[in-house]
Structure formats: C-alpha cells, structure tokens
Amino acid sequence: MTIDLAVIGGSGLYNFPGLANASRHAIDTPFGAASGDVVTGDFAGRKVAFLARHGESHTVPPHRVNYRANLWALHSLGARRVIGVNAVGGIRGDMGPRVIVVPDQIIDYTHGRYTSFCDVEGAEVRHIDFSEPYTESLRRELINAAGTAGIAVIDGGCYGATQGPRLETRAEIARMKRDGCDLVGMTGMPEAVLARELALDYACLALVANFAAGCGDEAEISIEEIFAHLAAATAEVPRILEVLLK
Ligand code: HPA
C-alpha cells in the first residue's frame with residue numbers, strides 16, 4: 001500500500017478527524033503488538049495512516065508503549081513519512097499552553113525502554129547517525145504548512161524525553177533547563193530513533209499542554225487544564241496536515 005503520511009497521535013488525539021473510507025489493520029510484528037490497529041483512509045486526497053500511541057482509549061502509559069511494534073507496523077504498511085504528535089510541557093518562556101512547536105533536537109532521559117531494532121539476539125549491530133534526530137525536510141514541510149494555514153508554530157526547540165507517567169519535579173525541570181531543554185514530554189523517545197533506524201522520515205508536532213513544573217505561576221499542574229489546552233492545540237493539527245498533504 002502507498003501511504004502518503006503516517007500520524008502517531010498522542011494524548012488527546014485518538015483518531016484522525018476527517019479520515020474517509022477508513023479501514024483497520026491489526027498488524028503482527030516481530031516485536032509484539034502495536035498500541036492498537038493502524039487506521040488507513042483518505043484525507044485531503046491522500047492516503048493517511050493513523051495510530052493512537054496510547055491506544056484508542058488511552059490505556060497504554062508512555063513507558064509501556066511498544067514503540068518498536070508501532071514503528072514496525074507503520075513501516076510494514078508502506079509508510080515512509082511519519083509525524084509524531086506529542087503532548088508536552090513548556091520549559092522555555094515562549095512555549096506556554098496551546099503553543100505548537102516543531103522541535104529540532106532531543107535529549108533522552110528515559111530508561112528501560114527498547115531503543116533499537118538491533119536489540120534482538122543475532123541481529124546486526126548498527127550505530128546510526130542521530131546528530132539531527134528529526135528529518136529536516138519534513139520539519140520544513142510542517143512549518144510551511146502551518147504558515148500557509150495561518151497557524152503559529154515555533155521552529156526549533158529541544159525536546160527532553162522523560163520516563164513518566166508522573167510529571168517532573170521542579171528540580172528535574174530546572175536541571176533539564178540547564179541542559180538546554182525547551183520542552184518536556186514522555187513519548188518523544190525512543191520513537192524518533194526507531195524511525196531513523198527504519199529510515200523513515202520523522203518529525204514531531206509538539207503541543208504544549210502546560211508550563212512544566214516550576215515554569216508557570218501555578219504551584220501544581222492540573223490534569224484538567226492539561227487536557228483542555230491539549231484539546232485546543234489538537235484541533236489545529238488536521239488543518240496543518242491538510243495543507244502539508246496538498
Ligand atoms: N511533563 C512531561 N510530559 C508532559 C507534560 C509535562 O509537564 N505535559 C504534557 N506532557
């Protein structure tokens with residue numbers, strides 16, 4: 001099958017609005033089950049594949065997502081370009097709730113996740129280049145599409161990937177800020193590196209749901225607020241992708 005674009009939906013994005021003629025694919029992978037069925041269909045005159053990273057009823061926590069199976073499933077269906085939509089907390093002052101960022105760097109603080117397809121007995125060990133963790137041409141397409149759609153996005157930023165599912169302490173975020181992180185999220189890695197191992201083009205649409213711990217005015221981060229901000233930012237995603245696909 002030719003897939004023009006695959007989208008991995010994060011928190012708040014469990015199906016692809018406007019997908020016509022949808023069909024579901026339960027894909028068996030050598031790495032086990034993906035987070036759910038891959039749904040393919042037509043959008044903006046193109047073939048799109050969609051996968052809900054946490055499952056369609058949000059039952060898979062970030063540290064238990066089978067990132068390898070998810071990427072493998074999309075690749076085996078014929079996807080060659082993948083956009084990861086990720087909910088994040090903003091660390092940088094201009095990355096407050098509802099801001100959309102297309103990051104250009106990653107620092108990985110996760111642990112205990114399978115981060116490579118060569119993590120299998122007998123597999124050839126490969127050391128892939130990851131200097132630029134996202135595909136620049138796809139980043140540009142996202143940024144240009146958002147511009148054409150009249151949706152503001154910030155070009156660039158460093159995504160710090162944490163283990164979750166808990167949010168971070170103020171001290172952890174202060175350290176991440178010193179490290180150079182602009183955003184914090186729980187699912188950016190190992191998704192990006194696994195995409196690179198499969199030679200998929202991959203870019204991230206990071207939707208800011210809240211200021212990270214200690215970065216905003218509130219003493220505590222409210223989950224209700226996170227989901228309200230996320231819903232607002234998520235509503236912009238199909239419009240960006242529609243222009244990108246045209
Ligand atoms: N931290 C980590 N992941 C997140 C956050 C956060 O503050 N908000 C949304 N995803």
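That block above? That's the structure.
Below, the structure is looked at part by part. No experiment lies behind these values; they were computed from the predicted model shown.

Right, let's talk about the environment of Glu 172 for a bit. You can see Glu 172 is positioned in helix H3 (residues 170-179). With relative accessibility at 28%, the residue Glu 172 sits in the partly exposed group. Distance in space between the C-alpha atoms of Glu 172 and Ala 219 is 15 Å, their sequence separation being 47 residues. A polar contact of 2.8 Å, which involves the side chain of Glu 172, links it to the side chain of Arg 166.

The buried fraction of strand S6 (residues 46-52) is high, at five of seven residues. Pairing analysis gives five bridges linking strand S1 (residues 5-9) to S6, with the strands arranged parallel. Within S6, the position partnered with Gly 9 by the bridge is Ala 52. Both strand S5 (residues 38-43) and S6 contribute to a ladder of five bridges, which runs antiparallel. Its bridge partner being in S6, Val 39 is matched across the sheet by Phe 50. Remark: two residues form the turn of the hairpin made by S5 and S6, two consecutive strands paired antiparallel; Ala 44 in that turn has positive phi of roughly 55°.

Before going further, it helps to examine the side chain of Ser 35. If you trace the backbone, Ser 35 turns up in the loop between strand S4 (32-33) and S5. Judged by its relative accessible area of 15%, Ser 35 falls in the buried class. Beyond its immediate chain neighbours, meaning those up to four positions away, Ser 35 contacts Ala 52, Arg 53, Gly 55, Val 65 and Asn 70.

Every residue lining the ligand is accounted for by Ala 87, Val 88, Gly 89, Leu 167, Glu 168, Val 184, Gly 185, Met 186 and Asn 210. Within the contact set of the ligand, a nitrogen atom lies 3.5 Å away from a backbone nitrogen or oxygen of Ala 87. If you list the elements that add at least two residues to the shell around the ligand, you get strand S7 (81-90) and strand S12 (183-185). Residue contributions to the shell around the ligand peak at three residues, all from S7.

With the rule as written, the count across this model stands at 14 salt bridges. Of the charged contacts, one joins Glu 56 and Arg 24 as a salt bridge, the two residues approaching to 2.7 Å between their closest N and O atoms. You can see Glu 56 sitting in the loop between S6 and helix H1 (67-77) and its partner Arg 24 sitting in strand S2 (residues 20-25), a full 32 residues away along the chain. Relative accessible area serves as the criterion here: at 41%, Glu 56 is assigned to the partly exposed category. Between Glu 136 and Arg 140 there is a salt bridge; the shortest N-O distance is 2.8 Å. Taken as a pair, Glu 136 and Arg 140 lie in helix H2 (residues 136-149) at a separation of four residues, close to a single helical turn. The class for Glu 136 is partly exposed, based on a relative accessible area of 41%. Put simply, Glu 136, Arg 139, Arg 140 and Asp 155 are held in one network by salt bridges that share partners.

Thresholds, definitions, all that
- Residues numbered from 1 in each chain as written.
- Predicted model: local features only at pLDDT ≥ 70, side-chain atom pairs only at ≥ 80, totals over all residues.
- Heavy atoms only, no water.
- Helix = DSSP H or I, 4+ residues; strand = E, 2+ residues; numbered from the N terminus.
- Buried < 20%, exposed > 50% of the residue type's maximum accessible area, 1.4 Å probe, protein only.
- Polar contact = N/O pair within 3.5 Å; in protein donor to acceptor, adjacent residues only side chain to side chain.
- Pairing = 2+ DSSP bridges.
- Contact = heavy atoms within 4.5 Å.
- Near = heavy atom within 4 Å.
- Salt bridge = Lys/Arg side-chain N within 4 Å of Asp/Glu carboxyl O.

Shape descriptors only; they carry no functional weight alone.
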